[in-house]
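Reading the structure
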Amino acid sequence: MSISYSSVTKKIWMSLMGFFLMTFLIVHLSINLLLVISPTTDLFNEASHFMGTNPFIQAFQWILFAGFIVHIIIGVVLQIENWMARPKGYRVKAGSEDSFFSKYMIHTGVIIFIFLIIHFVNFFLVAKGVIGEIPETMVDGKPMDDMGSVVIALFQLPYYMVGYLVALLILGFHLDHGFQSAFQSLGLNHPTYTPFIKGFGHFFAVIIAAAFMIIPLFIYFSK
Amino acid sequence: MTKLDSKIPAGPLAEKWTNYKAHQNLVNPANKRKVDIIVIGTGLAGGAAAASLSEMGFNVNVFCIQDSPRRAHSIAAQGGINAAKNYPNDGDSIYRLFYDTIKGGDYRAREANVYRLAEVSNNIIDQCVAQGVPFAREYGGLLDNRSFGGALVSRTFYARGQTGQQLLLGAYSALSKQIGKGAVKMYTRREMLDVVKIDGRARGVIVRNLVTGKLERHAAHAVLLATGGYGNLFFLSTNAMTSNGSAAWRAYKRGAFFANPSFVQIHPTCIPVHGDYQSKLTLMSESLRNDGRIWVPKKKEDAVKIQKGQMKPTDIPEEERDYYLERRYPAFGNLVPRDVASRAAKERCDAGFGVGSTGLAVYLDFKSSIERLGKKVIEARYGNLFQMYEKIVDANPYETPMMIYPAIHYTMGGTWVDYELQSTIPGLFVGGEANFSDHGANRLGASALMQGLSDGYFVLPYTMQNYLADQITVPHFKTDSSEFDAAEKDVQERINKLLAVKGGHTVDSFHRRLGLIMWDNVGMARNQAGLEKAITEIKALRKEFWQDVKVPGTNDGLNVELEKALRVADFLELGELMAYDALNRKESSGGHFREEYQTPEGEAMRNDNEFMYAAAWEYKGDDQKPELHKEPLIYENIEVKQRNYKTA
Amino acid sequence: MDLKLKIWRQPSAHADGKFVDYQVTKISKDASFLEMLDILNEELVNKGEDPVAFDHDCREGICGMCSLFINGRPHGPDNAVTTCQLHMRKFKDGETVTIEPWRAKPFPVLKDLMVDRSAFDEIIQAGGFVSIATGGVPDANSIPIRKQNADLAMDAAACIGCGACVAACKNASAMLFVSAKVSQLALLPQGKVEAKERVQKMVAKMDELGFGNCTNTYACEAECPKEISVTNIARMNREFLVAKLS
């Protein structure tokens, strides 16, 4: 990925990766919700086991990494170019933006990135056995890592739980602009459908953020 | 006695232009790049000519006063552009467009030029459509036409209320294409301050870089002026702020004759003056007169109450209203030509029946149209104009009548040119509003755009080539010759002189006073005493200007006051020539109305026996009276009649 | 009405600038914003001071020459007007009005409130035209064009090139301006012929000149005096994608 790509090309990649990551979020969320809908952690552990061992998923996770990296690098490059495009700012600036969170994509993006690193250390590296210890459990007679207990243990920590909630709230902000913006960058704007896309974008952002946030709250107050 | 040769080609009218093109001299493609052309101005005429000449292969250098060639004042034209396409199948033809234009111009335009204009009008529409100009279309996908004043057919092509903008952007895109290729060199924020002549031919210009203040010399084999009209002489006009007459005036002082300077068009539907801080007048499209009825109160005491704000127009009952156009011109009513409508408004206001706080306005009322057609229909037709009016005046035209008053809009007069659009200085060509050739004493609506593009795309590229054919062996000119030295020195001295006055009054204050003198005496109605008074007053004002004008700053950088001072200095001379011309023309024709020459009913009265000529004035020195040269106008293909708008 | 003005003053392109306070009094509410500045300038000239430089020409909202960032908004507090059509009745008596030039790297300040927008011309020169020469074109009615497309093309073509979109955009992006021209020509059969080359050349030029990228914030549409729609940006993105993929 070179910065010499045109602005429109970069935006197209940005939106394609955005859509890709949103799909990932949906998958991730569905697995996480197993902790809420199921009385035991068995279902969640089983899903984690599948994700951690299925060769197709294993290969796909590298594509996912690449998606993150492309999205982040282009995002940073775009932002640096944007700052350079206005070396001297205004003294008075009344916001005329139609999409409020569009102004804070880099800020929300950076926070999400930091969260991702912590998340990566706390779960991914643990799951991969790189750091820490994971208790074993038996599901349907099969031994597997008890990722469920790792999650529950972490969410019992109030500061961790609050941090997680804040990060997910900010993810919601990021998605609120990102969803409709990705359509626009790909040239998908139509007088009939765009109002729906914008409306659905707000709904999507709220649903994703809220559903992710229910999980730690549920765990904290119920376990 | 005359030095004027209009060079009209021989042959029947309809074949003149074809014959000209068939027999003109051409320049071989390899030689074209040896020839340099300077174009001043990037409006319809200048932009189109520069693009076309460059496409042919000439080296073209273009200059404009704004920050971009896209901003020339052609952009502000609203209504449309005429062409004799006869798409609506209503009996239009080249001859009919020619006839309407000559008649609309009150028989003071040159037949051959006008016929050529009508002839190429169709090519203009084709050209613009091919460029991607988004003209209005019907549901079937074909071009739509609307009707305009002075014609019995629908021949006006339009792009919403922004036809001038779209045509100009078309010419600008063609010019941009050539600039992008490196075939045209574009100089923005430059103002031409003199023409440089070498051995009697125009060979270059002196321009001032408005950002750095530096004077620059540019040489070429031929120079084209497309610098628009001089309506801003009146201070208040519908022209843009930088529109000025200096390029044409400098050419005049170098020997280019100036023709019919007193022929000025006053547009009847403008937003009235509302305060002495006002900088310009805004035009409301002529189309409003299709559904609006123009009136003033019948009783003078009602008018006085309205002026004092004690009464509202809606308080005046129908029987107390004087629909004076309908009263005076039963056949055409509110749709009389521009000059007639303007004069009638002035007559009522002068008699004390005017409305608004100044008493210098008349009502344009949509009440009966709204009752007849419904608000929706009126909104669909004029919604954007009503909105614009409301933004400026803060009054709702759906509820209270609009107030309008005539304003200076266009100058039919300009540099005298022959059939080839060449002035009396060989090598100096003039196109668009800057020349005098096509509109006679009054221009019809939607014809200015037609003339600008006709000159630019289809006339000048041929005629300039004809002139340049024997210039291919003349090497590129150097700008260090004594002629350039002398011209630059002249300009520099004029600038130094202005900066040295250090008087007590701003440039604008002089400009406003000049405007008032002109408006009162050389405006809509003129008479001998007034014109003589104007000449005396202009002379005195000019003297005062050079003793008391205050131009702050220096010439080393952007100095807007200096720019304005240079323009007003020229206006103070041009205004006097306008008065001379108006005084000389002892008849009324088109936009020129002499109170001494009117019918008992107050209509304009031409004197074809004595004044059927174009008056071309030659500069004889600052203290000398200019010399008049007459170009007789010969009508072989059209019957000369008195205009009549009372009966159909 | 009386107003306190805070105006950016900068003697020349390379000099430092600063805000200077001015007071104007007894301004009519019916005056336009530029007429208010004319009054200030006449006072400054009478006092022997350098008048404030600002761009303007037609003063009827069509030439696109006037600019000014007024109280945080390009062309000031009214919607869908240029500064020359902004009237003082939109301000309150005694209000402080901050006036700044357009701010963008490709629009350097020349003096005070005047900026150089020739970057826009360069973008048009890169491809904002139909490559035909004068003469030799078909009859205007030989290609019917769907009315809806002609109307959409006209909506896009209404752009006056003032630069308010760049000024309003947090990234100083020129996407609305560029897309308006790309759209106009892409919607018409005459422009369709070289649509692929056009969009790529114009975008490349826009990037080269240092305009920012589009974050789809739509501030440009909100501030455009001609209300050019961001659907044009989407159309340009689409045109670009198709051009790259085919």
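Residues numbered from 1 in each chain as written. Chains lettered and ligands numbered in written order. Predicted model: local features only at pLDDT ≥ 70, side-chain atom pairs only at ≥ 80, totals over all residues. Heavy atoms only, no water.

Digging into the overall build of chain A
Secondary structure assignment for chain A yields eight helices and two strands. When its helices and strands are written in sequence order, chain A yields α-α-α-α-α-β-β-α-α-α. Over its C-alpha atoms, taken along the principal directions, chain A stretches across nearly 60 × 35 × 35 Å. Residues classed as buried in chain A amount to 47% of the 223 residues present. Counting only contacts in chain A whose residues sit at least 6 apart along the sequence, the fraction spanning at least 24 positions is 76%. For chain A, the accessible area works out to roughly 11600 Å², and carbon and sulfur atoms hold 76% of it. (Helix = DSSP H or I, 4+ residues; strand = E, 2+ residues; numbered from the N terminus. Buried < 20%, exposed > 50% of the residue type's maximum accessible area, 1.4 Å probe, protein only. Contact = heavy atoms within 4.5 Å. Areas by Shrake-Rupley, 256 points an atom, 1.4 Å probe, with all protein chains shown as cover.)

A closer look at the overall build of chain B
Regarding its fold elements, chain B presents 18 helices and 21 strands. Along the first, second and third principal axes, the C-alpha set of chain B runs to 75 × 65 × 50 Å. Across the 648 residues that make up chain B, the buried fraction comes to 67%. In chain B, 81 side chains carry a positive charge and 77 a negative one; their mean positions are 3 Å apart. (Lys, Arg positive; Asp, Glu negative; His and termini not counted. Charge placed at Lys NZ, Arg CZ, Asp CG, Glu CD.)

Here's the deal with the pairing of strand β6 (residues 190–198) of chain B
Residue and element names in this part refer to chain B. Of all nine residues that make up β6, eight are buried, and the element is covered over most of its length. Across eight bridges, the pairing between β6 and strand β7 (residues 201–209) is antiparallel. Looking across to β7, one finds that Val196 is bridged to Gly204. Two successive antiparallel strands, β6 and β7, enclose a turn made up of two residues, where Asp199 displays a positive phi of approximately 50°. (Pairing = 2+ DSSP bridges.)

Observations regarding the pattern of salt bridges
The full count for this structure, using the stated rule, is 72 salt bridges over all chains. Taken together, the shared-partner salt bridges in this structure form one network comprising Asp106, Arg108, Arg585, Glu587, Arg606 and Asp608 of chain B. (Salt bridge = Lys/Arg side-chain N within 4 Å of Asp/Glu carboxyl O.)

Re the interface of chain C and chain A
Quoted interface sizes are often the accessible area lost when the parts come together. Each partner contributes to the interface: chain C provides 47 residues, whereas chain A provides 36 residues. Inspection of the chain C/chain A interface yields zero salt bridges. Sort the elements by how many residues they give to the side of chain C that touches chain A and helix α9 (residues 231–245) of chain C lands first, with eight residues. By residue class, the composition of the side of chain C that touches chain A is 25 nonpolar, 12 polar and 10 charged. (Nonpolar A, V, L, I, M, F, W, Y, C, P; charged D, E, K, R; others polar.)

Focus: the sheet that holds strand β11 (residues 264–270) of chain B
Residues and elements named next belong to chain B. Spatially, the five strands line up as an open sheet ordered β11-β15-β14-β12-β13, and their pairing is antiparallel. The open sheet has two free edges, formed respectively by β11 and β13 (321–322), since each of these has just one partner strand. Across two bridges, the pairing between strand β12 (residues 293–297) and β13 is antiparallel. Its bridge partner lying in β13, Val296 is registered against Asp322. The strands touched by helix α10 (residues 338–350) are β11, β12, β13, β14 (362–365) and β15 (402–411); relative to β11, the strand with the most contacts, the crossing angle is about 70°. (Axes fitted to C-alpha atoms, helices over the stretch in contact; angles between N-to-C directions.)

As for the nonpolar core
Counting 153 residues, the largest nonpolar core has Ile81 and Phe135 of chain B together with Phe211 of chain C as the members making the most contacts within it. Split by domain, this core shows at least three residues from each of two domains, domain 1 (3–111) and domain 2 (117–245) of chain C. Other than its neighbours up to four places away in sequence, Ile81 of chain B contacts Ile124, Ile125, Phe135, Arg155, Thr156, Phe157, Thr163, Leu167, Ala446, Leu449, Met450 and Leu453 of chain B. Counting 88 residues, the second-largest nonpolar core is a separate cluster that includes Val340, Leu364, Met402 and Val522 of chain B. (Core = buried A, V, L, I, M, F, W, Y, C linked by side-chain atoms within 4.5 Å. Domains from an automatic or database assignment.)

Structural notes on the side chain of Lys11 of chain A
Mapped onto the elements, Lys11 of chain A comes out in helix α1 (residues 7–32). The residues touching Lys11 of chain A, leaving out its near neighbours within four places in the chain, are Leu78 and Ser185 of chain A together with Cys214 and Thr215 of chain C.

Some thoughts on the sheet that holds strand β4 (residues 73–74) of chain C
All names here are of chain C. The sheet built from five strands is open, its strands ordered β2-β1-β5-β3-β4 with mixed pairing. Two strands in the sheet have a free side with no partner beyond their single neighbour: β2 (18–24) and β4. Relative to strand β5 (residues 96–100), strand β3 (residues 69–70) runs antiparallel, the two sharing two bridges. Across the sheet, Ile70 pairs through a bridge with Ile99, a residue of β5.

Structural notes on the environment of Ile206 of chain B
Examined against the element boundaries, Ile206 of chain B turns out to sit in strand β7. In sequence terms Ile206 of chain B and Glu347 of chain B are 141 residues apart; their C-alpha atoms lie 45 Å from each other.

A short note on a nonpolar patch on the surface
On the surface, a nonpolar cluster with roughly 640 Å² of combined accessible area is contributed by Val110, Phe113, Ile114, Ile117, Ile118, Val121, Val130 and Ile131 of chain A. Note on placement: Phe113 of chain A falls in helix α5 (residues 105–127). (Patch = residues over 30% accessible without salt bridge, like charges linked within 9 Å, V, L, I, M, F, W, Y side chains within 5 Å.)

Looking at the packing of helix α6 (residues 163–180) of chain B against helix α2 (residues 118–127) of chain C
Between α6 of chain B and α2 of chain C, the least distance of the axes is 8 Å, while the angle of their chain directions is 85°. It follows from the interaxial angle that α6 of chain B and α2 of chain C lie roughly perpendicular. From α6 of chain B, Tyr172, Ser176, Ile179 and Gly180 of chain B reach across to α2 of chain C, where they touch Phe120, Asp121, Ile124 and Gln125 of chain C. Class assignment of the residues belonging to the contact of α6 of chain B with α2 of chain C gives a composition of four nonpolar, three polar and one charged. (Parallel < 35°, antiparallel > 145°, perpendicular 65-115°, else oblique.)

Here's the deal with the interface of chain C and chain B
Taken together, the contact between chain C and chain B spans 71 residues of the former and 72 residues of the latter. For the pair chain C and chain B, the two sides together bury roughly 5900 Å², of which 54% comes from carbon and sulfur. Between chain C and chain B we count eight salt bridges in total. A salt bridge links Arg117 of chain C to Asp67 of chain B; its shortest N-O distance comes to 3.2 Å. If you list the elements that add at least two residues to the side of chain C that touches chain B, you get α1 (33–46), β6 (109–111), β7 (114–115), α2, α3 (147–157) and α5 (175–187) of chain C. Element by element, the count of residues in the side of chain C that touches chain B is highest for α3 of chain C, at eight residues. Residues belonging to the side of chain C that touches chain B are distributed by class as follows: 35 nonpolar, 18 polar and 18 charged. (Buried area = accessible area lost by both parts, 1.4 Å probe.)

Observations concerning unusual backbone geometry
Outside of glycine, negative phi angles account for most residues, and trans bonds account for most peptide bonds. Residues and elements named next belong to chain C. The phi torsion at Leu68 lies on the positive side, around 85°, for a residue other than glycine. Here Leu68 is to be found in the loop between α1 and β3. Look at His75: it is not a glycine, yet its phi comes out positive at around 65°.

Structural notes on the pairing of β5 of chain C
Residue and element names in this part refer to chain C. Summarising burial for β5: four of the five residues are buried, a large majority. With four bridges connecting them, strand β1 (residues 3–9) and β5 associate as parallel partners. Note on β5: the bridge partner recorded for Ile7 is Ile99.

Here we look at the domain arrangement of chain B
All names here are of chain B. Looking at chain B, the domain boundaries give domain 1 (269–408) and domain 2 (482–608). Put simply, the middle of domain 1 and the middle of domain 2, counted by C-alpha atoms, are 30 Å apart. In this complex, domain 1 contributes 11 residues to the contact, which on the side of domain 2 involves 11 residues. Regarding the contact of domain 1 and domain 2, the summed buried area is about 850 Å², with carbon and sulfur atoms giving 59% of it.

Considering the packing of α5 of chain C against helix α7 (residues 195–208) of chain C
Residue and element names in this part refer to chain C. It is at 10 Å that the axes of α5 and α7 come closest, and there the two elements cross at 170°. Here α5 lies roughly antiparallel to α7, going by the angle between them. For α5 against α7, the interelement crossing comes out right-handed. Packed against α5, whose contacting residues are Met175, Val178, Lys181, Val182, Leu185 and Ala186, the element α7 presents Arg198, Val199, Met202 and Met206 at the interface. Classifying every residue of the contact of α5 with α7 by side-chain character gives eight nonpolar, no polar and two charged. (Left-handed = near helix turned anticlockwise from the far one by under 90°.)

A short note on the packing of aromatic side chains
The relation between two aromatic rings is expressed through the spacing of the ring centres and the mutual angle of the planes. Under the definition given, this model contains 56 aromatic pairs over all chains. Note on Phe24 of chain A and Phe68 of chain A: the rings are 5.9 Å apart at their centroids and 80° apart in plane angle, and the pair reads as edge-to-face. Of this pair, Phe24 of chain A sits in helix α1 while Phe68 of chain A sits in helix α4 (residues 55–84); the two residues are 44 residues apart in sequence, bridging distant segments of the chain. On the accessibility criterion, Phe24 of chain A (25% relative accessible area) is partly exposed. Three or more aromatic residues link up through ring pairs in this structure, and these residues are Phe19, Phe179, Phe183, Phe196, Phe200, Phe203 and Phe204 of chain A. Note that Lys375 of chain B overlies the ring of Tyr398 of chain B, its terminal NZ or CZ placed 4.6 Å from the centroid. (Phe/Tyr/Trp six-rings, centres within 6.5 Å; stacked < 30°, edge-to-face > 60°. Lys NZ or Arg CZ within 6 Å of the ring centre and 35° of its normal.)

Side note on helix α13 (residues 448–468) of chain B
For an α-helix, the turn length of 3.6 residues means that residues three or four places apart are oriented alike. A maximum bend of about 55° is found in α13 of chain B at Val459 of chain B, where proline Pro461 of chain B lies one to four positions downstream. Taking burial as the measure, the 21 residues of α13 of chain B include 19 buried ones, the bulk of the element. (Bend = angle between axes of the 7 residues up to and from the residue.)

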